[in-house]
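Below, each chain spelled out in residue letters.
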Amino acid sequence: CSEMRFVCTSYSHLMHDRVHMPDGYVFIDAGDFTMRGELGEIARFNGFLAGLPHKHKVLIAGNHDFLFERGASLARATLTNCIYLKDSEVTIEGVRIYGSPWQPAFMDWAFNLERGPQIKAKWDLIPAGVQVLVTHGPPLGQGDEVPRPAGQRERVGCADLLDAVKRIRPAYHVFGHVHEGYGITRDEHTTYVNASMCDGKYNPINPPFVFNL
């Protein structure tokens with residue numbers, strides 16, 4: 001296919017309309033588009049999606065999007081204006097996009113799995129040949145640093161997810177969750193995009209990321 005323009009966000013908490021949303025062909029959201037995952041919030045976000053000019057809209061849930069874990073059929077029935085991925089993929093004009101919502105266990109949020117075999121089993125489902133990988137949380141060492149007391153910083157990404165990315169070698173890996181990690185990093189094969197739109201105080205200060213593939 002001809003070059004395709006992707007517009008990526010995450011961690012927006014219903015504030016997409018407070019930033020300029022660039023035009024593009026594919027809109028991707030890596031989760032946390034609600035605050036508490038309530039039905040009314042999902043309906044509101046669905047209305048926002050309806051107004052986007054992008055031909056394709058692809059998203060996964062995040063740890064705030066509770067109803068997609070606890071009442072998945074109702075949540076998915078309400079989210080009608082996009083392609084929702086959960087450990088699944090879609091091919092758009094030859095480009096394979098895979099999405100998964102899971103994260104290493106963090107307090108009592110949605111889509112928690114323990115580090116090690118439990119979460120690795122989800123990453124093992126990601127097939128070879130995926131060009132755009134969308135997860136809610138980051139892999140270890142890429143857009144995953146959080147501040148700690150006394151000026152320290154800690155990397156909280158998932159080591160097993162990093163192993164999966166090294167195996168799959170997608171062109172792009174889009175995620176959010178760690179809002180302090182907003183930005184782009186790269187290795188030999190993959191560009192990592194932490195697309196967190198809001199900062200830690202839920203201020204929508206970061207613009208969406210755009211790339212062509």
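Further up the page is the structure itself.
These lines cover the structure that appears in this document, whether it is placed above or below. Computed from a predicted structure; not experimentally measured.

A few words on the sheet that holds strand E5 (residues 88-92). Reading across the sheet, the six strands line up as E5-E6-E9-E12-E14-E13 and stay open at both edges, with mixed pairing between neighbours. Pairing within the sheet leaves two strands with one partner each, and these edge strands are E5 and strand E13 (183-186). Pairs of neighbouring strands in the sheet enclose a mean axial angle of 20°, with direction left out of account. Judged from the four bridges that link them, strand E6 (residues 95-100) and strand E9 (residues 132-135) form a sheet pairing that is parallel. For isoleucine 97, the partnering residue across the bridge sits in E9 and is valine 132.

Direction of pairing for E5 relative to E6: antiparallel, over a ladder of five bridges. Looking at the pairing, isoleucine 92 lines up with valine 95 of E6. From the end of E5 to the start of E6, which pair antiparallel, there are two residues, and glutamate 93 there has a positive phi angle of about 50°.

It is worth spelling out the sheet that holds strand E15 (residues 209-212) at this point. Spatial strand order, E4-E3-E2-E1-E15: five strands in an open sheet with mixed pairing. This sheet does not close on itself; its edge strands, each paired only once, are strand E4 (83-84) and E15. The pairing of strand E1 (residues 5-9) with strand E2 (residues 26-29) spans four bridges and is classified as parallel. Residue pairing for E2: cysteine 8 is matched across the bridge by isoleucine 28. On top of the sheet, helix H1 (residues 39-50) reaches E2 and strand E3 (56-59); it is set at about 150° to E3, its chief contact.

The method is simple in principle: a probe with the dimensions of a water molecule rolls over the atoms, and the space it marks as empty is what remains. Taken as a whole, the largest pocket encloses approximately 430 Å³ of empty space. If you go around the largest pocket, you meet 21 residues; those closest to its centre are Phe106, Val146, Val156, His177 and Val178. Split into classes, the residues belonging to the lining of the largest pocket amount to twelve nonpolar, five polar and four charged.

Taken as a whole and assessed by the stated rule, the structure comprises ten aromatic pairs. Seen in terms of ring centroids, phenylalanine 66 and tryptophan 109 are 5.9 Å apart; in terms of plane orientation they differ by 20°. Their pairing is stacked. A residue pair is termed long-range when its members are at least 10 positions apart, and phenylalanine 66 in the loop between E3 and helix H2 (67-70) and tryptophan 109 in the loop between strand E7 (103-104) and strand E8 (112-113) qualify at 43 residues. Overall, the relative accessible area of 14% leaves phenylalanine 66 in the buried class. Tryptophan 109 gets classed as partly exposed once you look at its relative accessible area, which sits at 22%. Every member of this aromatic cluster is reached through a ring pair, and the members are Phe33, Phe45, Phe48, Phe68 and Tyr84.

On to the side chain of histidine 16, then. With respect to the element layout, histidine 16 can be found in the loop between E1 and E2. A distance of 3.0 Å separates a polar atom in the side chain of histidine 16 from a polar atom in the side chain of threonine 9. Apart from the residues within four sequence positions on either side, histidine 16 is in contact with Thr9, Met21, Phe27, Asp29, Phe33, Phe45, Phe48 and Met197.

Right, let's talk about unusual backbone geometry for a bit. Of note in the backbone geometry, tyrosine 11 takes a positive phi value of approximately 50° without being a glycine. On the secondary structure map, tyrosine 11 appears in the loop between E1 and E2. Given a relative accessible area of 5%, tyrosine 11 falls into the buried group. Positive phi values are uncommon outside glycine, yet histidine 13 reaches one of about 50°.

The rules we used
- Residues numbered from 1 in each chain as written.
- Predicted model: local features only at pLDDT ≥ 70, side-chain atom pairs only at ≥ 80, totals over all residues.
- Heavy atoms only, no water.
- Pairing = 2+ DSSP bridges.
- Helix = DSSP H or I, 4+ residues; strand = E, 2+ residues; numbered from the N terminus.
- Axes fitted to C-alpha atoms, helices over the stretch in contact; angles between N-to-C directions.
- Contact = heavy atoms within 4.5 Å.
- 1 Å grid on protein atoms, 1.4 Å probe; cavity = no way out; pocket = protein on both sides within 12 Å on 5 of 7 lines; lining within 4 Å.
- Points joined across faces, edges and corners; volume = space filled by probe spheres on them.
- Nonpolar A, V, L, I, M, F, W, Y, C, P; charged D, E, K, R; others polar.
- Phe/Tyr/Trp six-rings, centres within 6.5 Å; stacked < 30°, edge-to-face > 60°.
- Buried < 20%, exposed > 50% of the residue type's maximum accessible area, 1.4 Å probe, protein only.
- Polar contact = N/O pair within 3.5 Å; in protein donor to acceptor, adjacent residues only side chain to side chain.

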